[in-house]
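Secondary and tertiary structure notes
So the chains spell out like this:
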Amino acid sequence: MWRFGRPSGTEVLRWRCQGSPRDLCCKLHIRALQKTFNLNLRSVGICGSVNRHHFSFPTKTTSSYRNAWRELRTSMCYSISGFNPRFFCTCEPIADPIEIHKQKLTLWFSHLPREERQFGGYFSPETMHVEPLILEQHPDEDRGLNPFKEKTDISTRPSLTPEQLFDANNNGNKARGLNVLLYGAVGTGKSTVVRKLMLDWCAGSVFSQFKLVLPFSCEDLSHLSKPTSLRDLVGRKYMHLRKTPYLSGDNDKAKDVLFIFNGMEKMKLDFRIGSTELCSDPNEALPSGAVVVNLLRKYMLPEASILVTTRLSAVDRVPKKYINRYVQICGFNDPHRQRAYFTSRLLQQNEGKPGMAAETLIEMLYLNLQRESQLATACFLPTYCWLTCATLHLLHFTDTKSPIRTLTGIYTSFMKLNFGGEVITVDGNVSSQEQQNSLMLYVVRTVGKLAFDGITNKRTSFSAEELEQWVGGKTKTDEELQQLAVFRTDVLDFFLVPRNDHGTDPESGGRRYVFAVPAMQEYLAALYVVLGENKSILEKLTKEVSEALGQASEDITSLLSILSKIIPFRIFAVFNLLKLFPKLFERVSSLSKGRIADTMTAEMFRSEDSFNEDVLDQVEQSLLGVHGPQPQEETYTRAFELYPIFMGGLLHYGNRRLLDQLGCSIKSHTVSQITHVLRKHLIKESQKKQPPEELMDLLVLLYEFQNPRLTAEVLQSIKTINLSNVRMTPHKCFVLSTVLSCTSSRFHLNKLNLSSCHITPELLQMLWPAFHHTSNLNLQFNSLGPESCILLRDLLLEPNCTIKSLQLCDNYLTDAGISHLLEALSGNHSLQRLCLMHTGLGDRSAQMLAERLGQHDIAALTLVDACREHPSIHTVHLYLNQLTDVAKQSLYVRGGPRVKEGRRVKVLASVTEGSDISEDWHPILSVIGKNSLSWDRDRVREQLLVFLKDLEWGRKQHQSFWKKMHFRRVESVVRQMLRLLEKSSDTGTGTSTKLCNYRRS
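Residues numbered from 1 in each chain as written. Predicted model: local features only at pLDDT ≥ 70, side-chain atom pairs only at ≥ 80, totals over all residues. Heavy atoms only, no water.

To keep it simple, the criterion reads: UniProt positions are given in the numbering used here, feature names are shortened, and annotations may be inferred rather than shown by experiment.
In the nomenclature of an unreviewed UniProt entry, the protein chain corresponds to NLR family member X1 from the organism Cyprinus carpio. Listed in UniProt under the heading Subcellular location (unreviewed entry), the comment for the protein chain reads: "Cytoplasm".

Right, here's the structure in full:
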């Protein structure tokens, strides 16, 4: 919500400081006004040109006297302060108040809110604005008795552009300005349209018929306590327009003025003559509501035009006779507008340079929108398009330079953007108990309660009867019924929409409703629990009794002290039990906070959710959809794994501060009690072996919690982080590095397994901080290239490097990358195991390493010699690389101990050791079988042929019948796997599972 307010405290102090030289100048030169005389101002430095200025002051008239003094005072102030504006601009200062007004409005409306600045500052109102659908439609056509009605077909109606709102053809009375009422639901983009209109008017592209446009926030006007006139109201907001002739009421100058009142639902307007008197004088002081009423009545400045924006519930506050045109803003009604919005935002990443990742996301989004998915229904409101872009930006465009952002923080900011500081009102009247009438708190107690019931019973869709039961089913007073009517009209459709699968219940046949975004149900349910709204009967009873006794405790104590002098004291022992109720309530309350921690842990580590995808992938799938074969029967029960993560994220101080602005307060004492119990549960569960996806969810929970002390204590109980086969994204890499950075420098994992995680060189850079906390790093089966070896080389050369084992198998590092990696061997003293299986190591790197080391002319031989000289390396894996038979035999010999040093390095370059079969032939064959799950058939066949070639070469070196039989037995196993591969290739069936099962057998 944009608004115009008073200047900030910093600006006031700046003005005061700038005013001091001027006052000093007045005191020093007050005597200069007695007569007419000449002044030659002398200065040095930046104001040297002022020496040539000659001033003459006549003493004939008071007005000329005053003007001359003003000119002299200004010039002298510049001279004394050492500042002259002529040296800072090439043009004359702007004197036209209208131009000043346009400049100030441009600066104000170009300012991005904090929620937008978190995306890196690449956005601007011009680049990310997409025009929503605007229709000329009376609100009675869009209103009905059923609050959960279907949307009417709007595709056949002609749309309007914002500049057509005040078309002269629609004004029958040329002597009067038009009153246009723009209405729409929450999140349709009313304030965004007004902001774009103001920027376009300041640029001269729209509303050229208006020379002056004055925007006001009705929320600001509603807080004005003292009566004020229209001219003073304008002068208070825009000081440069205090004397503008357009508001004088003379002649018809007001026809060039447009008033904009944004958010009329937040202001009380009474059009009854007995309540709001008629007034046509813009200089007469009136309540702010009376000023707006008289403008709309066309009693004050009837020639002026007015644009009013409001929600549907407040449309009737202005009588129909005062509105010339009703216009409805309908948001993004088709996938093309939605795609234009996503394109304008997601393509402006990486410092404004579009990338393939952003284009791929947009394409997947568009496909999901075309399928008429639930996302397409939600993105009917532009604000949900913002939420979708913010979530995808978090998942895919997080970098180390970005500020810390969490998924919970995005949803909390989303609530603040749409309901920031609002209270639920009836006809603009605000109750004195604003905390209880907070609109966000009302949402939590109604829609949040519905969401919590759905998660408890594993339901995502709700019938109309359930909505009636949970949303306002227990209202009693007339005021509560009126508040419920406003809530249903304006807010309920914002959260709940008809289900897209024809919307019918398979059992009852009735229409069912779901949350517009699936994650919104989990967020509101988590907020409902954390705020303590799901109290048991015992908690509610003890709270009421405790409050009642707490208020009367002093009176009871006084009465007992008097009666104890007359009646035996033992009788009053029973009454003293009443004092225990407050302590009992505190005990029950602490148990309630512990129950919240129990709920978080139970939902976090559900056994039936152990084999689901990690929670961040689930969030992404809810936005991008599932591409590929769809299940024949869709089920409407799903896991709510984001629910406990949102509960943890809501306890973070930053989110609690935003919620407090929304009227939802979470006390620090409550957070402390929940954290105390949660710590014990998380440490206990983290000691158990968790699947990789569940372990990733635990790391996300710790990241969302943003509690370094708790994170460090939980990680102390984790010895191994196995994220194998978890698809790593920029945000997941950032989560892992951030969480491990909370521990001390002495903390080291036994193993960090990141195999088959789709890690690229860019993601490897984000994981750099995490590598300092492990001794066993597994990076095999990823997408690393030669440039990745430079970073790994720098890692190994660090003085405090603790990596003992580095596995880089199945990464196409090539000779260039491996040459970088080998540079670290001379300076590293911790590495003991280096795995380079299938990394593209060939004979080309031999010459490079030979020239650098000056020892051998074959790269692999040089590598083994370098490793043998290393103080701790004992095994080098080189099998399944393109090496010649001679080189493999030489590598086996080179691995033997030197006479001088007595060290031996085990070299695994072939399935044979000399002329015998290596004892590691079975692990090598197992690796090939395992790789069949991710490799294509040609690649698996190539590795099996290399394996078979090694066996044939080793068999030819032997004359012993038994050793030859042993070679042939192993060859038969490999040939059987090849036949199975060829057979499955001919039939077109899958080979991965069969080869993997055959390997195990």
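Description of the pattern of salt bridges
Our working definition: A pair is scored as a salt bridge if a Lys or Arg side-chain nitrogen falls within 4 Å of a carboxyl oxygen belonging to Asp or Glu. Think of it this way: any DSSP run of H or I at least four residues long counts as a helix, any run of E at least two long counts as a strand, and we number them from the N terminus. The classification of residues rests on relative accessible area computed with a 1.4 Å probe and restricted to protein chains. Under 20% of the type maximum is buried, over 50% is exposed, and intermediate values are partly exposed.
All told, the structure shown has 27 salt bridges when counted by the stated rule. As a salt-bridge pair, Arg 311 and Glu 265 come within 3.7 Å of each other at their nearest N and O atoms. Separated by 46 residues along the polypeptide, Arg 311 in the loop between strand 7 (305-310) and strand 8 (325-331) and Glu 265 in the loop between strand 6 (257-262) and helix 8 (288-296) bring together distant segments of the chain. The pair formed by Arg 311 and Glu 265 is uniform in burial state, with each residue classed as buried.

Things to note about the environment of Gly 840
In this structure, Gly 840 sits in the loop between strand 16 (833-835) and helix 31 (844-853). Taking relative accessible area as the criterion, Gly 840 reaches 35% and is therefore assigned partly exposed. Each C-alpha atom of the pair Gly 840 and Cys 809 lies 9.8 Å from the other, and the pair is 31 residues apart in sequence.

Points about the pairing of strand 6
Cut-off, in case you're wondering: The rule for pairing is simple: two strands pair if DSSP sees at least two bridges between them. We call a crossover right-handed when, viewed with the strands running away from us, the connection from the first strand over the helix to the second turns clockwise.
When you tally the buried positions in strand 6, you get 6 out of 6 residues, the bulk of the element. Every second residue of strand 6 is oriented toward a common face, with Val 257, Phe 259 and Phe 261 on one face and Leu 258, Ile 260 and Asn 262 on the other, all of them buried. Sheet topology note: the strand 5 (residues 212-217)/strand 6 ladder contains 6 bridges and is parallel. Across the sheet, residue Pro 215 finds its bridge partner in strand 6, namely Ile 260. As paired elements, strand 6 and strand 7 share 5 bridges and run parallel to each other. Note that in strand 7 the partner of Leu 258 across the bridge is Ser 305. Tracing the backbone out of strand 6, into helix 8 and back to the parallel element strand 7 gives a crossover that is right-handed.

Some details on the packing of helix 14 (residues 439-456) against helix 16 (residues 478-495)
Inclusion rule: All axes are obtained by fitting lines to C-alpha atoms, using only the stretch in contact for helices, and the reported angles, taken between N-to-C directions, cover 0 to 180 degrees. With respect to orientation, any angle under 35 degrees is reported as roughly parallel, any angle over 145 as roughly antiparallel, any angle of 65 to 115 as roughly perpendicular, and every other angle as oblique. Any pair of residues with heavy atoms lying within 4.5 Å of one another is described as a contacting pair. Note on residue categories: nonpolar means Ala, Val, Leu, Ile, Met, Phe, Trp, Tyr, Cys or Pro, charged means Asp, Glu, Lys or Arg, and polar means any other residue, Gly included.
Interaxial distance between helix 14 and helix 16 falls to 11 Å at its minimum, and their mutual angle equals 75 degrees. Taken together, the axes of helix 14 and helix 16 are roughly perpendicular relative to one another. In this structure, helix 14 contributes Leu 439, Tyr 442, Val 443, Thr 446 and Val 447 to the contact, and helix 16 contributes Gln 483, Leu 484, Phe 487, Val 491, Leu 492 and Phe 495. Residues belonging to the contact of helix 14 with helix 16 are distributed by class as follows: 9 nonpolar, 2 polar and no charged.

Regarding a nonpolar patch on the surface
Threshold: Each patch is built from residues lacking any salt bridge and having more than 30% relative accessible area; the joining distance is 9 Å for like charges and 5 Å for nonpolar side chains (Val, Leu, Ile, Met, Phe, Trp, Tyr). Method for areas: the Shrake-Rupley scheme with a 1.4 Å probe, in which residue coverage is limited to the protein chains shown.
Taken together, Ile 273, Leu 278 and Tyr 299 make up a surface patch of nonpolar side chains, about 300 Å² in accessible area. Its relative accessible area of 41% is what places Leu 278 among the partly exposed residues.

Some thoughts on the packing of aromatic side chains
Given two aromatic rings, one states the distance between the centres and the angle between the planes to describe the pair. Convention followed: Each aromatic pair joins two rings of Phe, Tyr and Trp (for Trp, the six-membered one) with centres within 6.5 Å, and gets the label stacked for planes under 30 degrees apart, edge-to-face for over 60, and tilted for any other angle.
Within this structure, the stated rule accounts for 23 aromatic pairs. Look at Phe 414 and Phe 494: their rings are 5.8 Å apart centre to centre, the planes differ by 20 degrees, and that puts the pair in the stacked class. On the criterion of sequence distance, the pair formed by Phe 414 in helix 13 (residues 407-419) and Phe 494 in helix 16 is long-range, its members being 80 residues apart. Each member of the pair Phe 414 and Phe 494 is classed as buried. For the pair Phe 452 and Tyr 528, a centre-to-centre distance of 5.4 Å together with 35 degrees between the ring planes defines the contact as tilted. A residue pair is termed long-range when its members are at least 10 positions apart, and Phe 452 in helix 14 and Tyr 528 in helix 17 (residues 518-530) qualify at 76 residues.

Digging into the pairing of strand 4 (residues 179-183)
Most of strand 4 sits inside the fold, with 5 of its 5 residues counted as buried. Of the two faces of strand 4, both are covered, the one formed by Asn 179, Leu 181 and Tyr 183 as well as the one formed by Val 180 and Leu 182. With 4 bridges connecting them, strand 4 and strand 8 associate as parallel partners. Note that in strand 8 the partner of Leu 181 across the bridge is Tyr 326.

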